[in-house]
Amino acid sequence: MDFQLKQKILLFISLFLGIIIFVIFGKIIGWEEIKDSFSVFNIYQAFVILGLSFLIAFIGNWRWKEILKDSGENVSFWSLLKMYLGGYAVMYLFPVLVWGGEGFRIYRLSREQNVSIKKSFSSVFIERVLEWTANIIVIFLGLAFFIYNVYLPPKELIIIFGASLIIFVSFISYFYIKALGKKSIIKQVCRIFLRKEVSEQNHFISIEKEVFDYFDIKNKFFYKGIAISFLRSFIMQLRAWILIFFLGSITGFFPSLSILGFTYLSSMIPIPTALGSHEAIQYFAFSSLGISISMVTAFTMIIRAAEVIISSIGIIFLIKTGFNFLGRKIINENGQ
């Protein structure tokens, strides 16, 4: 079985699993009650949520631009935004395509903006690490609120989401330990799995060095990247808090941090648009805050709709890139 077929099967299985969870959840809550939760949400509020969603995307793109700028590459915000949205669309709609969105961004940045592969790869990798550094901290803050309220989800969900969290935390922790100690990850991986030594002249070693230099605690640009990442998280928290208010409930801004933390947690499960997984995990966040659980599906579907709209714009750039690539290939073949 080839790799592409395996990817398609995984995509189908993850989507099918998400649909099953979503349908079961809807039946438990009651479709009529879910419909009533939507009734208080109007078109003006929808534009507010959509506007905040675009702002979140703009901040993420700004972070990437600043990383490139700090490395000496000055690429325009709008040129980067097309690549960022295209990459985001792949990550959000097709999460089983591991590093598919990042690969798209690296390809377009190096191809269209004449940025070296080294800087393209390192900038995207740095951007993702900064993203998940902020996400994991928010997740732990949200979980801390749960522990404070002595409210724990069922064992099955703890196993599923806990395993995903452990994997991500382990990766981020391992990365920071190596980066701060300036000890090569690539050399260690090659030594353990390939039984080979890698020279300092290796292209991947030079990329790794550039990444490690960015995460040096003496590097002021690192703190700027972290600050932008937390700004993005703050706007996401604001969006969640405002949406809960729009749906007819009032809760504290900081206590509702568990909702954002659980949003991040659900995205760790590779299901397209976090269908089903987002509803399942938010059920416990809403319950702990004393918010009607009938609002859970309305909340997740409104957030999902805003993200899908943004992803749809990214898909347009993906398709355009595909046509450009095909056109260049045809021209090259005719030239031969």
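Each value, and the rule that gives it
- Each chain has its residues counted from 1, running along the sequence as written.
- Given that this is a predicted model, residues contribute local features only at a pLDDT of at least 70 and side-chain atom pairs are listed and counted only at 80 or more, while totals for whole chains, interfaces and linings are drawn from all residues.
- Heavy atoms throughout the structure, all of them, feed into the side-chain values; hydrogens and water do not.
- What counts as a helix is a DSSP run of H or I of at least four residues, what counts as a strand is a run of E of at least two, and both are numbered from the N terminus.
- By the convention used here, residues are in contact when the closest approach between their heavy atoms is within 4.5 Å.
- Here, the term nonpolar core denotes a set of buried Ala, Val, Leu, Ile, Met, Phe, Trp, Tyr and Cys residues that are joined through side-chain atoms within 4.5 Å.
- Burial classification: accessible surface area is computed with a 1.4 Å probe over protein chains only, and a residue below 20% of its type maximum counts as buried, one above 50% as exposed, and the rest as partly exposed.
- Any carboxyl oxygen of Asp or Glu within 4 Å of a side-chain nitrogen of Lys or Arg constitutes a salt bridge here.
- Patches were defined on residues exceeding 30% relative accessible area and lacking a salt bridge, with like-charge contacts within 9 Å and nonpolar side-chain contacts (Val, Leu, Ile, Met, Phe, Trp, Tyr) within 5 Å.
- Residue exposure ignores everything except the shown protein chains as possible cover, and the areas themselves are Shrake-Rupley values with a 1.4 Å probe.

A.B. asks: I keep staring at the side chain of R304 and nothing clicks. Help me out?
C.D. replies: Here R304 is to be found in helix α13 (residues 295-335). Discounting residues that sit within four places of it in the chain, R304 has contacts with F22, Y92, T273, A274, L275, G276, H278 and E279.

A.B. asks: Please clarify how the nonpolar core should be interpreted in this entry.
C.D. replies: In this structure, F175, F215, I259 and F299 are the most contacted members of the largest nonpolar core, which totals 62 residues. For this core, the elements supplying multiple residues, two or more each, are α3 (43-70), α6 (117-148), α7 (155-181), α9 (203-214), α10 (220-246), α11 (257-267), α12 (277-288) and α13. With ten residues, the single largest contributor to this core is α10. Those residues within four positions of I259 in sequence are excluded, and the remaining contacts are A240, I244, Q282, A285, F286, L289, I291 and F299. Grouped together as the second largest cluster of nonpolar side chains are 18 residues, A57, W64, L80 and L109 included.

A.B. asks: Even after reading the chapter, I still don't get the pattern of salt bridges, so can you show me in this structure?
C.D. replies: The final tally for this structure, using the stated rule, is 17 salt bridges. Across the pair E127 and R105 runs a salt bridge whose closest N-O atoms are separated by 3.1 Å. Of this pair, E127 sits in helix α6 while R105 sits in helix α5 (residues 100-112), placing them 22 residues apart in sequence. Residue E127 is classed as buried on the basis of its relative accessible area, which comes to 0%.

A.B. asks: Sorry, what's going on with a nonpolar patch on the surface here?
C.D. replies: A cluster of nonpolar side chains, contributed by Y174, V189, I192, F193 and L194, occupies part of the molecular surface with about 510 Å² of accessible area. Looking at which element gives the most residues to the nonpolar patch, the answer is helix α8 (residues 185-194), with four residues. With respect to the helices and strands, Y174 occurs in helix α7. For Y174, a relative accessible area of 33% translates into the label partly exposed.

A.B. asks: Hey, could you run me through unusual backbone geometry in this one?
C.D. replies: Look at N114: it is not a glycine, yet its phi comes out positive at around 55 degrees. Along the chain, the position of N114 falls in the loop between α5 and α6. What makes N114 exposed here is its relative accessible area of 68%. One non-glycine residue, T273, lies in the positive phi region at around 55 degrees. Along the polypeptide, T273 turns up in the loop between α11 and α12.

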